[in-house]
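Residue-level structural notes
Read off the chains here:
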Amino acid sequence: MKSKLGVNIDHVATLRNARGENHPSLLEAAKEVIKKGADSITIHVREDQRHVKKNDAFILKKKINKPINLEMAPTRDMANFAIKLLPKYVCIVPEKRQEITTEGGLKLSKKNLKPIIKNLQKNKIQVSLFINPNIKDIKMSNKLGVNAVEIHTGSFAKALKNNNKKKIISEFNKIKRCRLECNNTSMKFNLGHGLDYQSAKYLKKIKNINEYNIGHFIIGESLFHSFSEVIKKFKGIIN
Ligand code: PXP
């Protein structure tokens, strides 16, 4: 199975917003990463729209020719927005106002999530849940009837950066067990958060990864090397 690369371009919006004008352009960045091989464009439209704005999302939807993966909080307002936008994918993520980035996976609650998931799927949007690497959450996601799960790889990636050998192995094994558990379901298996060349390469030992979602490292590394070089290198690693 060929793994896909989803590129999260939130950080381009952060840089653009620093000056309140339209440079660097989110649309041009999306077009560029697609030209260089990204399989989809991920944007997290936060409720406070602190980086990507709702209007950016509508422009991207209209002008780019690859699927959009919209990350959003599980609220009725965001679901209504997603139904207006109609991206191919929605990844439901937890959101806290004060966090710098998505700190962990969702706390899965049937009561809260089920109506949102159903509503999105009724509108032909494929839904994934951003979850921590544990079997209980894989089983619960399957019960909730989502199309995919995205495993939060932050703890694994951090362990690898800190060269914490014990933690590297335990976090890696958690992700691997989740992949195996997913074999009993029809859900696709995606990975994301904190990934760089080294962690993506390590995780490649796990077979049947549908998509790697990578943002911060790709945008940061492209300051020193081109999008072209960085995306090409990632595509080489994941396949
Ligand atoms: N996947 C999800 C669900 C996320 O929330 C994020 C961060 O916005 C990412 C992937 C990308 O993480 P990073 O920017 O650390 O590569």
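Structural data are supplied above this passage.
What counts, and at which threshold
Residues numbered from 1 in each chain as written. Predicted model: local features only at pLDDT ≥ 70, side-chain atom pairs only at ≥ 80, totals over all residues. Heavy atoms only, no water. Helix = DSSP H or I, 4+ residues; strand = E, 2+ residues; numbered from the N terminus. Buried < 20%, exposed > 50% of the residue type's maximum accessible area, 1.4 Å probe, protein only. Contact = heavy atoms within 4.5 Å. Areas by Shrake-Rupley, 256 points an atom, 1.4 Å probe, with all protein chains shown as cover. Lys, Arg positive; Asp, Glu negative; His and termini not counted. Charge placed at Lys NZ, Arg CZ, Asp CG, Glu CD. Near = heavy atom within 4 Å. Polar contact = N/O pair within 3.5 Å; in protein donor to acceptor, adjacent residues only side chain to side chain. Salt bridge = Lys/Arg side-chain N within 4 Å of Asp/Glu carboxyl O. Pairing = 2+ DSSP bridges. Axes fitted to C-alpha atoms, helices over the stretch in contact; angles between N-to-C directions. Parallel < 35°, antiparallel > 145°, perpendicular 65-115°, else oblique. Left-handed = near helix turned anticlockwise from the far one by under 90°. Nonpolar A, V, L, I, M, F, W, Y, C, P; charged D, E, K, R; others polar.

Let us look at the overall build of the chain. Helix and strand counts for the chain come out as 11 helices and 8 strands. Seen through its principal axes, the chain has C-alpha atoms that stretch 45 × 40 × 35 Å. Counting over 239 residues, the chain shows a buried share of 51%. Once local pairs closer than 6 in sequence are excluded, the contacts in the chain between residues at least 24 apart make up 67%. As displayed, the chain has an accessible area near 12,000 Å², and 51% of this comes from carbon and sulfur atoms. For the chain, the distance from the average site of its 47 positive side-chain charges to the average site of its 21 negative ones is 7 Å.

So, on to the site of the ligand. The local shell around the ligand holds 13 residues, among which Thr-102, Glu-150, Gly-194, Gly-215 and His-216 are the closest. At 3.5 Å, a side-chain N or O of Asn-8 approaches an oxygen atom of the ligand. Here an oxygen atom of the ligand and a backbone polar atom of Gly-194 are 2.8 Å apart. Coverage of the ligand by the protein chains reaches 94% of its 400 Å² of free accessible surface.

Following the criterion strictly, the structure yields 6 salt bridges and no others. For Asp-39, the salt bridge goes to Lys-235, with nearest N and O atoms at 3.0 Å. Of the two residues, Asp-39 is situated in the loop between helix 2 (26-35) and strand 2 (40-44) and Lys-235 in helix 11 (residues 227-238); the sequence distance between them amounts to 196 residues. For the salt bridge of Lys-174 with Glu-171, the shortest nitrogen-to-oxygen distance reads 3.0 Å. Taken together, the residues span about one helical turn, with Lys-174 and Glu-171 both in helix 8 (residues 165-182) at a distance of 3 residues. Judged by its relative accessible area of 31%, Lys-174 falls in the partly exposed class.

With that settled, consider unusual backbone geometry. Here His-23 and Pro-24 are connected by a cis peptide whose omega angle stands at -5°. Along the polypeptide, Pro-24 turns up in the loop between helix 1 (10-17) and helix 2. We note that Leu-86 has phi near 55°; this positive angle belongs to a residue other than glycine. Tracing the backbone shows Leu-86 in the loop between helix 4 (76-85) and strand 4 (89-92). Since its relative accessible area comes to 38%, Leu-86 is described here as partly exposed. Phi at Lys-124 takes a positive value of approximately 65°, unusual for a residue other than glycine.

This part takes up the sheet that holds strand 8 (residues 211-214). Overall, parallel pairing links the 8 strands, which are arranged 1-2-3-4-5-6-7-8 in a closed barrel. Geometrically, the sheet is characterised by an average inter-axis angle of 25° between neighbouring strands, direction not taken into account. As defined by bridge partners, strand 1 (residues 4-8) adjoins strand 8 across 4 bridges and the pair is classed as parallel. Among the inter-strand pairings, Val-7 is bridged to a residue of strand 8, identified as Ile-214. Along the sheet, helix 6 (residues 135-143) makes contact with strand 5 (126-131), strand 6 (148-152) and strand 7 (188-192), crossing strand 5 at roughly 160°.

On to the environment of Leu-15. Residue position: Leu-15 is located in helix 1. C-alpha separation for the pair Leu-15 and Ser-186, spaced 171 residues apart in sequence, amounts to 38 Å. With sequence-adjacent residues up to four places away left out, Leu-15 is seen in contact with His-23 and Pro-24.

With respect to the helices and strands, the residue His-152 is situated in strand 6. Here the side chain of His-152 touches Gly-154 through a polar contact of 3.0 Å, landing on its backbone nitrogen. Once residues lying within four places of it in the same chain are set aside, the contact partners of His-152 are Thr-102, Glu-103, Gly-104, Gly-105, Phe-130, Ile-131, Asn-132, Pro-133, Gly-192 and His-193.

Bringing the packing of helix 6 against helix 8 into the picture now. The contact between helix 6 and helix 8 brings their axes to 9 Å, and the two run at 30°. On the basis of the axis angle, helix 6 is roughly parallel to helix 8. In the crossing of helix 6 with helix 8, the sense of the turn from one axis to the other is right-handed. Counting all contacts with helix 6, which are made through Ile-135, Ile-138 and Lys-139, the residues of helix 8 involved are Arg-177, Cys-178, Glu-181 and Cys-182. Residue composition of the contact of helix 6 with helix 8, by class: 4 nonpolar, no polar and 3 charged.

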